[in-house]
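One letter stands for each residue in the lines below.
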Amino acid sequence: MKATLDHVGIAVRNLDEALGFFRETLGLELETSEDVASHGVRVHFMRAGSGWLELLEPIGSSSPIAAFLEKRGPGMHHLALRVEDIRATLAELRTRGVRLIDEEPRRGARGALIAFLHPSSTAGVLVELTETPRSML
Ligand code: CO
């Protein structure tokens, strides 16, 4: 199984403040914004070299990102690794005893299939696996 870095997810309370740093100060460009209502989140993707930053804004008070911000404040939320076949990868991880948050892939932003792994199996980091359409690489 080979995985490459796809993006780093960052929970933001104030989008303009985050853009003030990543866009105005660092010069990264905001390429796409999209609501993923099923996850209670609005995502903003910024190209950063061969990978991306994903700014995560909560939609509604029941959003998992709202809960994260409440508990931990703004900051790094997850690391996303791109794999070629997410279903095969999940099956392999299952046989290796890795604890999965998502047993089956679900639809994420940018038309990707995604699944989260539990931090108790991943050195304490919330890891998202993503099978990203080639047009978004
Ligand atoms: Co993500």
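Novice: Can you walk me through the coordination of the cobalt ion in this structure?
Specialist: When a metal carries six donors in an octahedron, the ideal angles between them are 90 or 180 degrees, while four donors in a tetrahedron ideally lie at 109.5 degrees. Protein coordination at the cobalt ion comes from H7 (NE2), E54 (OE), H78 (NE2) and E128 (OE), with a distance range of 2.1 to 2.2 Å. Relative to the metal, the four donor atoms surrounding the cobalt ion lie at angles of 80 to 166 degrees, and the coordination shape comes out irregular. Of note, the donors binding the cobalt ion are all from one chain and are spaced H-x46-E-x23-H-x49-E. Linking H78 in strand β5 (residues 75-82) with E128 in strand β8 (residues 127-131), this pair joins segments that are 50 residues apart in sequence.

Novice: Even after reading the chapter, I still don't get helix α2 (residues 64-72), so can you show me in this structure?
Specialist: An α-helix turns once per 3.6 residues; consequently, residues spaced three or four apart project the same way. For α2, the full list of buried residues reads I65, A66, F68 and L69. The buried residues of α2 occupy one face: seen down the axis, they fall within an arc of 160 degrees. The exposed residues of α2 that point more than 90 degrees off its buried face are P64, E70 and K71. Tucked into the core, α2 has its buried residues touching β1 (4-11), β3 (41-48), β4 (51-58) and β5. G73 occupies a position one or two residues after α2 and carries a positive phi of about 80 degrees.

Novice: Which parts of the structure should I look at to understand the environment of L69?
Specialist: If you trace the backbone, L69 turns up in helix α2. Along the backbone, L69 and V12 are 57 residues apart, and their C-alpha atoms lie at a distance of 7.7 Å. If we ignore the near neighbours within four places in the chain, the residues touching L69 are A11, V12, R13, P58 and P74.

Novice: I would appreciate a short explanation of helix α1 (residues 15-25) in the present structure.
Specialist: Three or more residues of α1 are buried, namely L15, A18, L19 and F22. Looking straight down α1, one finds its buried side chains confined to an arc of 95 degrees; they lie on one side. Of the residues in α1, the exposed ones pointing more than 90 degrees away from the buried face are D16, E17, E24 and T25. The elements touched by buried residues of α1 are β1, β2 (29-36), β3 and β4. For α1, the capping residue at the N-terminal end is N14, with a side-chain oxygen 3.1 Å from the backbone nitrogen of D16. G27, located one to two residues past α1, shows a positive phi value of around 80 degrees.

Novice: Looking at this structure, how should I read the packing of aromatic side chains?
Specialist: Geometrically, a pair of aromatic rings is defined through the distance of the ring centres and the angle of the planes. Scanning all chains against the criterion turns up two aromatic pairs. When the centroid spacing of 4.9 Å and the interplanar angle of 70 degrees are considered together, the rings of F21 and F22 count as edge-to-face. On the basis of relative accessible area, F22 is assigned to the buried category, the value being 15%. Centroid distance F45 to W52: 6.1 Å. Interplanar angle 90 degrees. Geometry classified as edge-to-face. Just as F45 is buried, W52 falls in that class too. Directly above the ring of F45 sits R110, whose terminal nitrogen or CZ lies 3.8 Å from the centroid. Positioned over the ring face of W52 is R110, at 5.2 Å from the centre of the ring.

Novice: Would you take a moment to explain the pairing of β3 for this structure?
Specialist: For a regular strand, side chains alternate in direction, first toward one face of the sheet and then toward the other. Alignment of β2 against β3, held across seven bridges, turns out to be antiparallel. Across the sheet, the residue bridging to E29 is R47, located in β3. In the sheet, β3 pairs with β4 via eight bridges, with the strands oriented antiparallel. Looking at β4, one finds that A48 is bridged to G51.

Calculation criteria
Residues numbered from 1 in each chain as written. Predicted model: local features only at pLDDT ≥ 70, side-chain atom pairs only at ≥ 80, totals over all residues. Heavy atoms only, no water. Donors = N, O, S within 2.8 Å, 3.2 Å for Na, K, Ca; no water. Tetrahedral: all angles 85-135°; square planar, octahedral: opposite > 155°, others 65-115°. Helix = DSSP H or I, 4+ residues; strand = E, 2+ residues; numbered from the N terminus. Buried < 20%, exposed > 50% of the residue type's maximum accessible area, 1.4 Å probe, protein only. Arc of directions from axis to C-beta. Contact = heavy atoms within 4.5 Å. Polar contact = N/O pair within 3.5 Å; in protein donor to acceptor, adjacent residues only side chain to side chain. Phe/Tyr/Trp six-rings, centres within 6.5 Å; stacked < 30°, edge-to-face > 60°. Lys NZ or Arg CZ within 6 Å of the ring centre and 35° of its normal. Pairing = 2+ DSSP bridges.

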